[in-house]
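Each chain, letter by letter, is given below.
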Amino acid sequence: MRRQLQISLALMLAGSAFVVAAQSNASSSPAPGQAPSTTNPGASAAATPAATPGPQAAPGPQANVQAKVAMCIGCHGIPGYQATFPEVHKVPMIAGQNAQYIANALAAYAKGDRKHPTMRGIALPLGERDISEISNYYAGLAKVDPVPATVEAPADIKKLLDKGACASCHGANFSKPIDGTYPKIAGQHADYLYVALKSYQIEGKPYHGRSNAVMAGQVKQFSHAELKLLSQYLAGLPSELRTVPQSRFR
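Residues numbered from 1 in each chain as written. Predicted model: local features only at pLDDT ≥ 70, side-chain atom pairs only at ≥ 80, totals over all residues. Heavy atoms only, no water.

Undergrad: Explain the confidence of the model for the protein to me, please; I cannot follow it from the model alone.
TA: Low pLDDT means the predicted coordinates in that region are not meant to be read closely. Counting all residues, the mean pLDDT for the protein is 84, and 74% of those residues have values of 70 or more. For the stretch residues 41–46, pLDDT sits under 50, and the model shows one contact to residues farther than four places along the chain or on other chains. (pLDDT = per-residue confidence, 0-100. Contact = heavy atoms within 4.5 Å.)

Structural data, given as structure tokens:
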């Protein structure tokens, strides 16, 4: 009798254990047609796709201009920088220069009316919009006060200026040309002015010289010594031109 009771109790305990195990498996198993669940929160997070970033904003006008003038900064953004062609001279100051003059100069380099291998290589790929944006950028880069309306030259220099009728195009103070196609020349580097003036006297050279009928007619009546005197005088005048230091790494 005692033996039978022990066997019955053992069977009851085994049956209870089976029921508990079955219920546990049923709760963790998915119902028919249901995806299996996971108890690992890390796995769930990893399975969630990352948010796709939205489209990036296009560069603004200022960023576009900065990219275009990057090729200019290496010479015109360094105070005192010197070129070696066709002879050693400081590169011209162009910050504060007339926008239309800069545009015309770039077009002349591209066309070959101004012969200069480096500047031709820079100007050729530029479109009209590029030239316009670069020219306007440099025209507004120098924030300086206007210079006096007139200047008084020494008698010997005045004679040379009158001979060349310089003020009739470049203005009484040589900073206020009669229209924007002419450059401001007051305060420009003397060695650059001297090289530029001589280049209008040159004919027939494939890589050096400038074609401009008006300027050629004016400068051919001067000796190199006289052109140097004019350049030195003009360089010493109050100027609206500047070299604004710039870095490519901004």
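Undergrad: Sorry, what's going on with helix α6 (residues 128–139) here?
TA: Because each turn of an α-helix spans 3.6 residues, side chains separated by three or four positions in sequence point in the same direction. With 12 residues, α6 ought to run about 16 Å at 1.5 Å a step, and its terminal C-alpha atoms sit 16 Å apart, in line with that. Here α6 has its buried residues at Ile131, Ile134, Ser135, Tyr137 and Tyr138. For α6, the arc enclosing every buried residue in end-on projection is 160°, short of the 170-degree limit, so these residues lie on one face. In α6, the exposed positions angled more than 90 degrees off the buried face are occupied by Glu128 and Arg129. (Helix = DSSP H or I, 4+ residues; strand = E, 2+ residues; numbered from the N terminus. Expected span 1.5 Å × (residues − 1). Buried < 20%, exposed > 50% of the residue type's maximum accessible area, 1.4 Å probe, protein only. Arc of directions from axis to C-beta.)

Undergrad: It is not clear to me how unusual backbone geometry should be interpreted in this structure. Could you clarify?
TA: Excluding glycine, a negative phi dihedral is what most residues carry, and trans is how most peptide bonds are arranged. Residue Pro86 is reached from Phe85 by a cis peptide bond, and omega for that bond is -5°. Secondary-structure assignment places Pro86 in the loop between β1 (82–83) and β2 (89–90). The backbone of Ala165 shows a phi angle near 50°, a positive value even though the residue is not glycine. Even without being glycine, Phe174 reaches a positive phi, approximately 65°. On the secondary structure map, Phe174 appears in the loop between α8 (167–170) and α9 (190–199).

Undergrad: Would you mind going over the pattern of salt bridges with me for this structure?
TA: Pairing between side chains becomes possible if they bear opposite charge and their charged atoms approach one another. Considering all chains together, one arrives at nine salt bridges under this definition. A salt bridge links Glu87 to Lys198, with the nearest nitrogen and oxygen atoms 2.9 Å apart. Separated by 111 residues along the polypeptide, Glu87 in the loop between β1 and β2 and Lys198 in helix α9 bring together distant segments of the chain. What makes Glu87 partly exposed here is its relative accessible area of 31%. (Salt bridge = Lys/Arg side-chain N within 4 Å of Asp/Glu carboxyl O.)

Undergrad: Please explain the packing of aromatic side chains as it appears in this structure.
TA: One pair of aromatic rings is described through two measures. These are the centre distance and the angle between the planes. Under the definition given, this model contains one aromatic pair. For the pair Tyr137 and Tyr138, a centre-to-centre distance of 5.1 Å together with 85° between the ring planes defines the contact as edge-to-face. Each of the two residues, Tyr137 as well as Tyr138, counts as buried. (Phe/Tyr/Trp six-rings, centres within 6.5 Å; stacked < 30°, edge-to-face > 60°.)

Undergrad: Help me out: how do you make sense of the packing of helix α4 (residues 99–111) against α6 in this one?
TA: Angle between the axes and distance between the axes: these two values describe a pair of packed helices. Across the interface, α4 lies against α6 with an axial gap of 8 Å and an inter-helix angle of 140°. Considering the angle they form, α4 stands oblique to α6. For the element pair α4 and α6, the recorded crossing hand is right-handed. Facing Ala99, Ile102, Ala103 and Leu106 of α4, the residues of α6 in contact are Ile131, Ile134, Ser135, Asn136, Tyr138 and Ala139. In terms of residue class, the contact of α4 with α6 is built from eight nonpolar, two polar and no charged. (Axes fitted to C-alpha atoms, helices over the stretch in contact; angles between N-to-C directions. Parallel < 35°, antiparallel > 145°, perpendicular 65-115°, else oblique. Left-handed = near helix turned anticlockwise from the far one by under 90°. Nonpolar A, V, L, I, M, F, W, Y, C, P; charged D, E, K, R; others polar.)

Undergrad: Quick question: what am I supposed to make of the side chain of Arg114 here?
TA: Mapped onto the secondary structure, Arg114 falls in strand β3 (residues 114–115). At 8.6 Å, Asp113 is the nearest oppositely charged side chain to Arg114, a buried residue that forms no salt bridge. Setting aside anything within four residues of it in sequence, one finds Arg114 in contact with Tyr101, Ala105, Ala108, Tyr109, Tyr192, Tyr200, Gly209 and Arg210. (Lys, Arg positive; Asp, Glu negative; His and termini not counted.)

Undergrad: Hey, could you run me through the packing of helix α7 (residues 155–164) against helix α11 (residues 224–235) in this one?
TA: Remark: α7 packs on α11, axes separated minimally by 10 Å, with the N-to-C direction vectors making an angle of 105°. By the angle between their axes, α7 is roughly perpendicular relative to α11. Taken together, the residues of α11 that come into contact with α7 (itself represented by Ile157, Leu160, Leu161 and Lys163) are Glu226, Leu229, Leu230 and Tyr233. Each residue belonging to the contact of α7 with α11 can be placed in one class, and the counts come to six nonpolar, no polar and two charged.

Undergrad: How should I be thinking about the side chain of Lys198 in this particular structure?
TA: The class for Lys198 is buried, based on a relative accessible area of 13%. Aside from chain neighbours lying at most four places away, what touches Lys198 is Glu87, His224 and Leu227.

Undergrad: Would you take a moment to explain the environment of Ser132 for this structure?
TA: Looking at the secondary structure, you find Ser132 in helix α6. Judged by relative accessible area, Ser132 falls into the partly exposed class, the value being 35%. In sequence terms Ser132 and Leu106 are 26 residues apart; their C-alpha atoms lie 10.0 Å from each other.

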